[in-house]
Amino acid sequence: MKIIGITGGIGSGKSVVLNMLHDVYGARIVEADKVAHELQKPGQPIYNKIVDTFGNDILDENDSIDRIKLGKLVMNDESKLDQLNSIVHPGVKKYILEDIEKCRNNSTELYVIEAALLIQGGYKKICDEMWYIKADESTRISRLIESRGYTEERALQVIKNQPDETFYIENSDRIIDNSGTVEKLEDELKKIKN
């Protein structure tokens, strides 16, 4: 089984790449952010640790974690954000490692992990290859305006708060340019896959 890590800045089109890898090549796709959401639901170990750490004030009327309340609590407090990350990231990684073993036993050929902090989270040790999905800044801004309703200023602010391209390039085995059409992207993935 080949394990590929997919990373890249916001608006680079990682989701399109993931969909292609799933639909065309049958890859098992695991998005760390979605795993984190699942693991924060009531009854999950991460849920309990977060509530024990931050208290019941972060819960909504259904005793689910209110992500907006939790976000406001940690947004401007680096120590609280570090606390949250020290709970969530190890739990997500544990889930992914267990899922990889299950997929190995089920003869999965291609396993793809996507995470914004893939490199920073130490996933390089888990992956056979790291792919950086890139797109030029103007394309990323356009995508964020269209898909998320961001203003140009907001899109630029979010992009500027992420690691720069050099960081991703230095830590990746392949660079996938997703600035163009879907057809160009398909061609690029075919070249890699063949």
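Bear in mind the structure is a predicted one, so any value in this text is a computation, not a measurement.

## Some points on the nonpolar core
So, point 1. By size, the foremost hydrophobic cluster in this structure holds 34 residues, and its most contacted members are Ile50, Val92 and Ile113.
So, point 2. Mapped by element, the contributors of at least two residues to this core are helix H2 (32–39), helix H3 (45–54), helix H4 (67–75), helix H5 (78–105), strand E3 (110–114) and strand E4 (129–134).
So, point 3. In terms of residues, this core owes the most to one element, H5, which gives 7 residues.
So, point 4. With residues near it in sequence (within four places) discarded, Val92 still touches Ala32, Val35, Ala36, Leu39, Ile46 and Tyr123.

## Comments concerning the pairing of E3
So, point 1. Burial analysis of E3 places 5 of its 5 residues in the buried class, the great majority of the element.
So, point 2. Covered by surrounding structure in E3 are Leu110, Val112 and Glu114 together with Tyr111 and Ile113, the residues of both alternating faces.
So, point 3. With 5 bridges connecting them, strand E1 (residues 2–7) and E3 associate as parallel partners. By the bridge assignment for E3, Ile6 is matched with Glu114.
So, point 4. Examined bridge by bridge, strand E2 (residues 28–31) and E3 share 4 bridges and lie parallel to one another. Its bridge partner being in E3, Glu31 is matched across the sheet by Glu114.

## Regarding the sheet that holds E2
So, point 1. Read across the sheet, 5 strands follow the order E2-E3-E1-E4-E5 without closing on themselves; strand pairing throughout is parallel. The open sheet has two edge strands with one neighbour each: E2 and strand E5 (174–177). With strand direction ignored, the average angle separating the axes of adjacent strands in the sheet is 25 degrees.
So, point 2. Inspection of the sheet shows E4 paired to E5 by 4 bridges, in the parallel sense. The residue of E5 that forms the bridge with Ile133 is Ile176.
So, point 3. Strands in contact with H2 are E2 and E3; relative to E2, the strand with the most contacts, it is inclined by about 65 degrees.
So, point 4. Those strands touched by H5 are E1, E2 and E3, and its axis lies near 165 degrees from that of E3.

## So, the layout of surface pockets
To locate leftover empty space, one rolls a probe as large as a water molecule over the atoms.
So, point 1. Looking at the second largest pocket, its volume works out to about 220 Å³.
So, point 2. What lines the second largest pocket is simply Leu39, Gln44, Pro45, Ile46, Lys49, Ser86, Ile87, Pro90, Gly91, Lys94, Tyr95 and Glu98.
So, point 3. Of all elements in the fold, only H3 and H5 reach the threshold of two or more residues within the lining of the second largest pocket.
So, point 4. The leading source of residues in the lining of the second largest pocket is H5, at 7 residues.
So, point 5. Broken down by class, the residue content of the lining of the second largest pocket amounts to 6 nonpolar, 3 polar and 3 charged.

## Some points on unusual backbone geometry
So, point 1. Despite not being glycine, Asp63 has its phi angle at roughly 65 degrees, a positive value.
So, point 2. Its place among the elements puts Asp63 in the loop between H3 and H4.
So, point 3. Its relative accessible area of 46% is what places Asp63 among the partly exposed residues.
So, point 4. Positive phi is not limited to glycine here, since Ser107 has a value of about 65 degrees.

## What to know about the confidence of the model for the protein
So, point 1. Taken as a whole, the protein shows an average pLDDT of 92; of its residues, 99% reach a score of 70 or greater.
So, point 2. Per-element mean pLDDT across the protein ranges from 84 in helix H9 (residues 182–193) up to 97 in E2.

## Points about the pattern of salt bridges
So, point 1. This structure, assessed with the given rule, holds 9 salt bridges.
So, point 2. One salt bridge connects Lys2 with Glu129, and the closest N-O pair in it is separated by 3.2 Å. Of this pair, Lys2 sits in strand E1 while Glu129 sits in strand E4, placing them 127 residues apart in sequence.
So, point 3. For Glu129, a relative accessible area of 13% puts it in the buried group.
So, point 4. Residue Lys94 is joined to Glu98 by a salt bridge in which the shortest nitrogen-to-oxygen separation is 3.0 Å. Here Lys94 and its partner Glu98 are both found in helix H5, 4 residues apart, which amounts to about one turn of the helix.
So, point 5. What makes Glu98 partly exposed here is its relative accessible area of 41%.
So, point 6. The network of salt bridges with common partners includes Lys2, Glu129 and Arg174.

Conventions and cut-offs
- Position numbers for residues count from 1 along each chain, tracking the sequence in the order it is written.
- Selection of residues for local features in this predicted model requires a pLDDT of at least 70, selection of side-chain atom pairs for listing and counting requires 80 or more, and totals for whole chains, interfaces and linings are taken over all residues.
- Hydrogen atoms and water are omitted, and side-chain values are computed over all heavy atoms in the structure.
- Here the nonpolar core consists of buried residues drawn from Ala, Val, Leu, Ile, Met, Phe, Trp, Tyr and Cys, with membership extended through side-chain atoms lying within 4.5 Å.
- Relative accessible area decides the class of each residue, using a 1.4 Å probe on protein chains only: under 20% of the type maximum gives buried, over 50% gives exposed, and in between gives partly exposed.
- Segments assigned H or I by DSSP are reported as helices when at least four residues long, segments assigned E as strands when at least two residues long, and all are numbered from the N terminus.
- Throughout, a contact is declared for two residues whenever any of their heavy atoms are within 4.5 Å.
- Between any two strands, pairing holds if DSSP finds at least two bridges.
- Fitting a line to C-alpha atoms yields each axis, with helices limited to the stretch in contact; the angle taken between N-to-C directions then spans 0 to 180 degrees.
- A cavity here means a set of points on a 1 Å grid, drawn over the protein atoms and nothing else, where a 1.4 Å probe fits but cannot get out; a pocket is an open set with protein on both sides within 12 Å along at least five of seven lines, and a residue lines either one if it has an atom within 4 Å of a point.
- Grid points are joined across faces, edges and corners, and a volume is the space filled by probe spheres set on the points.
- Three classes are used: nonpolar for Ala, Val, Leu, Ile, Met, Phe, Trp, Tyr, Cys and Pro, charged for Asp, Glu, Lys and Arg, and polar for all others, with Gly counted as polar.
- Per residue, pLDDT captures the predictor's confidence, and it can take any value from 0 to 100.
- Each reported salt bridge corresponds to a side-chain nitrogen of Lys or Arg within 4 Å of a carboxyl oxygen of Asp or Glu.

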